[in-house]
Amino acid sequence: IGDYVWMDLRSGQEFDVPIGAVVKLCDSGQIQVVDDEGNEHWISPQNATHIKPMHPTSVHGVEDMIRLGDLNEAGILRNLLIRYRDHLIYTYTGSILVAVNPYQLLSIYSPEHIRQYTNKKIGEMPPHIFAIADNCYFNMKRNSRDQCCIISGESGAGKTESTKLILQFLAAISGQHSWIEQQVLEATPILEAFGNAKTIRNDNSSRFGKYIDIHFNKRGAIEGAKIEQYLLEKSRVCRQAPDERNYHVFYCMLEGMSEDQKKKLGLGQASDYNYLAMGNCVTCEGRVDSQEYANIRSAMKVLMFTDTENWEISKLLAAILHLGNLQYEARTFENLDACEVLFSPSLATAASLLEVNPPDLMSCLTSRTLITRGETVSTPLSREQALDVRDAFVKGIYGRLFVWIVDKINAAIYKPPSQDVKNSRRSIGLLDIFGFENFAVNSFEQLCINFANEHLQQFFVRHVFKLEQEEYDLESIDWLHIEFTDNQDALDMIANKPMNIISLIDEESKFPKGTDTTMLHKLNSQHKLNANYIPPKNNHETQFGINHFAGVVYYETQGFLEKNRDTLHGDIIQLVHSSRNKFIKQIFQADVAMGAETRKRSPTLSSQFKRSLELLMRTLGACQPFFVRCIKPNEFKKPMLFDRHLCVRQLRYSGMMETIRIRRAGYPIRYSFVEFVERYRVLLPGVKPAYKQGDLRGTCQRMAETVLGTHDDWQIGKTKIFLKDHHDMLLEVERDKAITDRVILLQKVIRGFKDRSNFLKLKNAATLIQRHWRGHNCRKNYGLMRLGFLRLQALHRSRKLHQQYRLARQRIIQFQARCRAYLVRKAFRHRLWAVLTVQAYARGMIARRLHQRLRAEYLRRLEAEKMRLAEEEKLRKEMSAKKAKEEAERKHQERLAQLAREDAERELKEKEAARRKKELLEQMERARHEPVNHSDMVDKMFGFLGTSGGLPGQEGQAPSGFEDLERGRREMVEEDLDAALPLPDEDEEDLSEYKFAKFAATYFQGTTTHSYTRRPLKQPLLYHDDEGDQLAALAVWITILRFMGDLPEPKYHTAMSDGSEKIPVMTKIYETLGKKTYKRELQALQGEGEAQLPEGQKRSSVRHKLVHLTLKKKSKLTEEVTKRLHDGESTVQGNSMLEDRPTSNLEKLHFIIGNGILRPAGAPGPESLLMAECGPGFGFAAS
Ligand SMILES: Nc1ncnc2c1ncn2[C@@H]1O[C@H](COP(=O)(O)OP(=O)(O)OP(=O)(O)O)[C@@H](O)[C@H]1O
Ligand SMILES: [Mg+2]
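Residues numbered from 1 in each chain as written. Chains lettered and ligands numbered in written order. Predicted model: local features only at pLDDT ≥ 70, side-chain atom pairs only at ≥ 80, totals over all residues. Heavy atoms only, no water.

You'll find the protein entered in an unreviewed UniProt entry as Unconventional myosin-VIIa, with Rhinopithecus roxellana given as the organism. For the protein, the Sequence similarities (unreviewed entry) comment in UniProt is given as "Belongs to the TRAFAC class myosin-kinesin ATPase superfamily. Myosin family." (UniProt positions renumbered as here; feature names shortened; annotations may be inferred.)

Draft legend 1. Molecular detail of the overall build of the protein. Scanning the protein for helices and strands turns up 43 helices and 24 strands. Residues classed as buried in the protein amount to 44% of the 1183 residues present. Of all intrachain contacts in the protein linking residues separated by at least 6 positions in sequence, the fraction that spans at least 24 positions is 68%. (Helix = DSSP H or I, 4+ residues; strand = E, 2+ residues; numbered from the N terminus. Buried < 20%, exposed > 50% of the residue type's maximum accessible area, 1.4 Å probe, protein only. Contact = heavy atoms within 4.5 Å.)

Draft legend 2. Up close: empty space enclosed by the protein. In total, this model carries 6 cavities of 30 Å³ or more according to the counting rule given. Taken as a whole, the largest cavity spans an internal volume of roughly 140 Å³. Lining the largest cavity are 15 residues, and of these Ser 152, Gly 153, Phe 436, Tyr 653 and Ser 654 lie nearest its centre. Among the elements of the structure, strand S8 (147-153), helix H16 (444-474), strand S21 (624-631) and helix H26 (644-654) are those that each provide at least two residues to the lining of the largest cavity. Put simply, the second largest cavity is a space of about 80 Å³. If you trace the second largest cavity, you find it lined by Phe 194, Val 249, Met 253, Tyr 293, Ile 296, Arg 297, Met 300, Asn 310, Ile 313, Ser 314 and Leu 317. Mapped by element, the contributors of at least two residues to the lining of the second largest cavity are helix H8 (248-256), helix H11 (289-302) and helix H12 (307-324). Considering only residue class, the lining of the second largest cavity consists of 8 nonpolar, 2 polar and 1 charged. (1 Å grid on protein atoms, 1.4 Å probe; cavity = no way out; pocket = protein on both sides within 12 Å on 5 of 7 lines; lining within 4 Å. Points joined across faces, edges and corners; volume = space filled by probe spheres on them. Nonpolar A, V, L, I, M, F, W, Y, C, P; charged D, E, K, R; others polar.)

Draft legend 3. Broad picture of the coordination of the magnesium ion (ligand 2). Only Thr 160 (OG1) and Ser 206 (OG) from the protein coordinate the magnesium ion (ligand 2), and they sit 1.8 to 2.1 Å from it. Linking Thr 160 in helix H5 (residues 159-174) with Ser 206 in strand S10 (residues 205-206), this pair joins segments that are 46 residues apart in sequence. (Donors = N, O, S within 2.8 Å, 3.2 Å for Na, K, Ca; no water.)

Draft legend 4. A look at H12. With 18 residues, H12 should cover 26 Å at 1.5 Å per step; its first-to-last C-alpha distance of 26 Å lies within 8% of that length. H12 sits mainly inside the fold: 15 of its 18 residues count as buried. (Expected span 1.5 Å × (residues − 1).)

Draft legend 5. Just the sheet that holds strand S3 (residues 30-35), in detail. The strand order across the open sheet formed by 5 strands is S4-S3-S2-S1-S5, and the pairing between neighbours is antiparallel. This sheet does not close on itself; its edge strands, each paired only once, are strand S4 (40-43) and strand S5 (51-53). For this sheet, the mean inter-axis angle between neighbouring strands, taken without regard to orientation, is 40°. Summarising the sheet, S3 and S4 pair through 4 bridges and their orientation is antiparallel. Directly across from Gln 32, in S4, lies its bridge partner Trp 42. (Pairing = 2+ DSSP bridges. Axes fitted to C-alpha atoms, helices over the stretch in contact; angles between N-to-C directions.)

Draft legend 6. The arrangement of the site of ligand 1 in detail. In the vicinity of ligand 1 lie 18 residues, with Ser 155, Gly 156, Lys 159, Thr 160 and Ser 205 positioned nearest. At 2.5 Å from an oxygen atom of ligand 1 is found a side-chain nitrogen or oxygen belonging to Ser 155. Contact distances for ligand 1 include 2.8 Å between an oxygen atom and a backbone N or O atom of Glu 161. Burial of ligand 1 by the surrounding chains reaches 86%, relative to a free accessible area of 620 Å². Counting only elements with at least two residues in the shell around ligand 1, the list comes to H5 and S10. Broken down by element, the residue count for the shell around ligand 1 peaks at 3 residues, all from H5. A class-by-class count of the residues in the shell around ligand 1 yields 5 nonpolar, 10 polar and 3 charged. (Near = heavy atom within 4 Å. Polar contact = N/O pair within 3.5 Å; in protein donor to acceptor, adjacent residues only side chain to side chain. Areas by Shrake-Rupley, 256 points an atom, 1.4 Å probe, with all protein chains shown as cover.)

Draft legend 7. The environment of Asn 1145, seen in detail. Position of Asn 1145 relative to the elements: it lies in helix H42 (residues 1145-1158). Overall, Asn 1145 belongs to the partly exposed group, its relative accessible area being 29%.

Draft legend 8. Spatial organisation of helix H35 (residues 996-1003). For H35, every residue scored as buried is listed here: Ala 997, Lys 998, Phe 999 and Ala 1000. Where H35 is buried, its residues contact helix H31 (881-929).

Structural data, given as structure tokens:
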């Protein structure tokens, strides 16, 4: 997994080569690989032969592909691909630079880069076009030899751009910034304007080949240049494929020329012209034609084109456009096909621009003059022929114009070499020429182009071979047995040997009756046995094939001769001759100068081309060459898109494989001693690194002998060791094994170390965790146990305490029981005593009452007896004694009866009263059992407040929501409270139930009942032994009644201004009514009162004094007060609350609480005075 392999999918396509892939998965014999294009493949065991291991050099790419272990198309292609993906567009293959078109601007052409690449050897810096230019320049200077750089590649591969970059580099490092240098640089835009056009494959396609020879003086400064052009594609002026354009200059002129000038030339827009709009494409993306026109004009100025010349050129270009717009109409004339040019402004303008007579032009374009036997005969031309004539004329004009322009440029930049030997100059030639082409239909031009490429290929192969040879010589290697084949045979067939293809075509072109078919026949008969010639399959086929170095190309013979002849008809030349335009005459000068006959024998295109090619080859042969192979990565002009098939095709056409083949034939693998030792020293134990070696060559030899054996075909040179492919393979396998072994050892040790340290770390961690865990557990258990013990202790102690407590309790209970028993016994005895006493008194009282009654009866009877006796006495005087006695007896009996009646009556009355009292008690008892309505009770209890006038601050209307209360109060009927209930019959008094009414009835003094009264009390409700208590109870009642609003407040008597309000009221109350002081004071008062006042006044005066015994006037310290509160001490000096001044409700309340509730009553029991006084009902009301 992770290994790189070559995968051969064997699709059988022409340009298919194995693709690099990386192994992702190995699963039960199946291998999953991902190829360089990201596609996944499963390789089954039976297809295992489809994959081969990849040489390590191919895995990550190399700068010089000669170093590739897999030196084949696949290896080169992958190398280019992986570098291209890293934006590394340049790669070497030996001395050849392969440049892949990036189709984007890379920042690798800055002045800084120029500086970096200046004066560096190839290989010292990463591959770059500047390195090639730099080597050209410094080789030229160093070796005083002319240099050339052959840039080839498909259309759009970047030849012209590379040429420009080299030019730019040379101009920069020659460092003069001279006028001539500027002129050389400015030649390019002019050439590109007239010779470049937009095609499908390239927006700025050069439609001609060029060789720029730049001349340098001794000091290395640019001195001049010469431009050679080859084979301009003239047909483009008349015809463009869809989406292609005519030459740039036309569009630039129409866009950039002023309206004024355009008017003079009768020009409009590009779309108006047939010759420009044929491809349906008049603009080119990324090109601003108007701006380009300005550039062209300024370049022309730099290159000494005069304004007149400029204008004349424009005129000719305009004339071409107008000619293209001519309209033809087919006619028949004397049974011959003829045609006529419709008179149109185009015709007139064209004629005027060419400065010829329109009729001449018209006839020239529609008829042909033939000279037969000294006679001139004019024959009409058919419409098609006429159109061909016009197009030929136009092409003639443009081709010659182009030649003229190149000459004009050369005139400006070329200076003939001086004869002075000292001043000898050197040159660098840049050949930007179309590469090998093979289209679906290949015409005569393609033959010429491929012929030129065959030449260049031969040159290239020979150069490479020579280089190899040089290297072997240099290293003193025996190289004699190295053989290689080049394309000499093909070249011989095309152009060198007698009766070659070019000469046959030429011959046929000159032969008046020669046609394309006769030419093909001749070719067939001459070359059908040649291995490089592929004759047509049958007589009807018009194609023949040539086996070029890059593959077979079939050429379509139709139109061959016509194209090759490349001559203009005499009529046209005549027309030009008749023109008044000097410029057109000038460009047609050579034709005009020639006679009609000589013109026929004038050199054909192919012979011209061959000649210039030979010239070129001779020039190149004298130079030290560099090769730049441009590769187009895709057909879409898109960056970062790599079309493998397209690239393989270009690699094949580039002839680069030939280099490889030559290398393969010899010793393709070479290592410098240092490299060899460094790479393979792992194979021999104990070999030190190269920099520590004294005898590197010896070490290399020793290593090679050990690994490869002494008799194998490897050689050791002076600085390098030369190996065959299989040696490299062997070495690599061995190295891989050795490295793998060492890596495994390293891994073993490192893994051991890693695992050991990891284990120790884990162990330490585990111990730490255990330690903490155990600690935690112990602590937890200890805590639990401690808690347990504590609880045990607690239980034990509690048990002990409990037992003690129980014991103590039992004792106390026993003690209590005894005490209680004692108390109960005592109380019982006391009660018994009390009962006996009560019984004694009660019996005494009953006996006394009975005694009194009996006594009264006895007295009455005695009285009656006395009265009877007295009456008897009295009557005796009047009557007889007996009678008197009887009379007195009778009256006496009457009186007795009267008495008995009165007794019975009284007894009845008493019975009735007792019965009523009993009824009342029963009624009250019933009422007690009825459910209590609290609000009624409150109403009943406090309703009286309303009738006696409101409380202070409560007079007037009741607050909203309480009106009913108000009303209720008013509605209350004033009962006659004076009517006291009759005392119950003493005998029937029931003391078992202590209800309030009953309590009141039983214990209240005088006529007072439990019901409401408004009269001031004259005595307390209960009977008190102590007079102080009596007075206090009275005072409390007075205060309560005032509080309730039933008694009026006393008149304001003395202002209290001693700030006593600030003293807590309770303190005041208590102090005021401190028992001892109170008593003392009271006794003093009593004594005083009894001594001074008569009986009637005595009571009121006591009361008067009593009212002084209210709140204390002077405050005391709080502690003192608290103390007194506890021990009941008080130092009251006198009180005037009840009489002297009105008191607030709060004060009253305090007084009530202080005296009524808190004051220990003198009465028996612990209850308060008020409780004692008022009982539970009043206690509730007071609280
Ligand atoms: N080194 C480069 N850097 C950036 N872009 C380039 C480079 N080389 C070529 N190109 C792009 O590729 C296009 C085609 O290049 P160029 O005109 O040099 O091709 P060519 O080989 O001369 O084609 P033709 O044979 O049609 O003249 C250029 O217009 C440019 O956009
Ligand atoms: Mg080009």
